Amino acid sequence: MPKTLADQFELTETEQRIFALLQDGDIHSRDDILKCLREKYQTDEDGKLQFNTIQSHLMRIRKKI
């Protein structure tokens, strides 16, 4: 039996972090999601995380749930 809702959908660690942030039902900006993942991902030369990576994680979460 799954321990959490995220486990039920077999989410990766990164997807679980994003899912946990979004579970409160509030609207979150990409910046909110990036802050949640900042320690996991490297920044580019401008100090910004790659949005394409975040977008692909969001797309996979949507497909799984």
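Structure: see above.
These lines cover the structure that appears in this document, whether it is placed above or below. From a predicted model like this one, the values you see are computed outputs, not experimental measurements.

**A word on the overall build of the protein**
For the protein, the helix and strand inventory stands at four helices and zero strands. Written out in order from the N terminus, the α and β elements of the protein read α-α-α-α. Counting the 65 residues in the protein, one finds 22% classified as buried. A separation of at least 24 residues holds for 38% of the contacts in the protein among residues at least 6 apart in sequence. Put simply, the protein shows about 4,900 Å² of open surface, and 49% of that area lies on carbon and sulfur atoms.

**Points about the side chain of His-57**
Topologically, His-57 is positioned in helix H4 (residues 51-64). Residue classification places His-57 among the buried positions, given a relative accessible area of 7%. Engagement of the side chain of His-57 in a polar contact is seen with the side chain of Arg-60, the distance being 2.8 Å.

**Comments concerning the pattern of salt bridges**
All told, the structure shown has three salt bridges when counted by the stated rule. Between Glu-13 and Arg-17 there is a salt bridge; the shortest N-O distance is 3.3 Å. Of this pair, Glu-13 and Arg-17 both sit in helix H2 (residues 13-22), four residues apart, which is roughly one turn of that helix. Of the charged contacts, one joins Arg-60 and Glu-15 as a salt bridge, the two residues approaching to 3.1 Å between their closest N and O atoms. Placement of Arg-60 in helix H4 and of Glu-15 in helix H2 is noted, with a sequence separation of 45 residues between them. With relative accessibility at 36%, the residue Arg-60 sits in the partly exposed group.

**Quick look at helix H3 (residues 30-37)**
All of the buried residues along H3 are Ile-33, Leu-34 and Leu-37. Buried residues of H3, seen end-on, are gathered within an arc of 100° and therefore sit on one face of the element.

**What about the environment of Met-59?**
One can find Met-59 in helix H4. For the pair formed by Met-59 and Glu-15, sequence separation is 44 residues and the distance between their alpha carbons is 10.0 Å.

**Considering unusual backbone geometry**
Although it is not a glycine, Glu-10 adopts a positive phi angle of roughly 55°. Locating Glu-10 in the fold gives a position in the loop between helix H1 (5-8) and H2.

So, how was this worked out
Residues numbered from 1 in each chain as written. Predicted model: local features only at pLDDT ≥ 70, side-chain atom pairs only at ≥ 80, totals over all residues. Heavy atoms only, no water. Helix = DSSP H or I, 4+ residues; strand = E, 2+ residues; numbered from the N terminus. Buried < 20%, exposed > 50% of the residue type's maximum accessible area, 1.4 Å probe, protein only. Contact = heavy atoms within 4.5 Å. Areas by Shrake-Rupley, 256 points an atom, 1.4 Å probe, with all protein chains shown as cover. Polar contact = N/O pair within 3.5 Å; in protein donor to acceptor, adjacent residues only side chain to side chain. Salt bridge = Lys/Arg side-chain N within 4 Å of Asp/Glu carboxyl O. Arc of directions from axis to C-beta.

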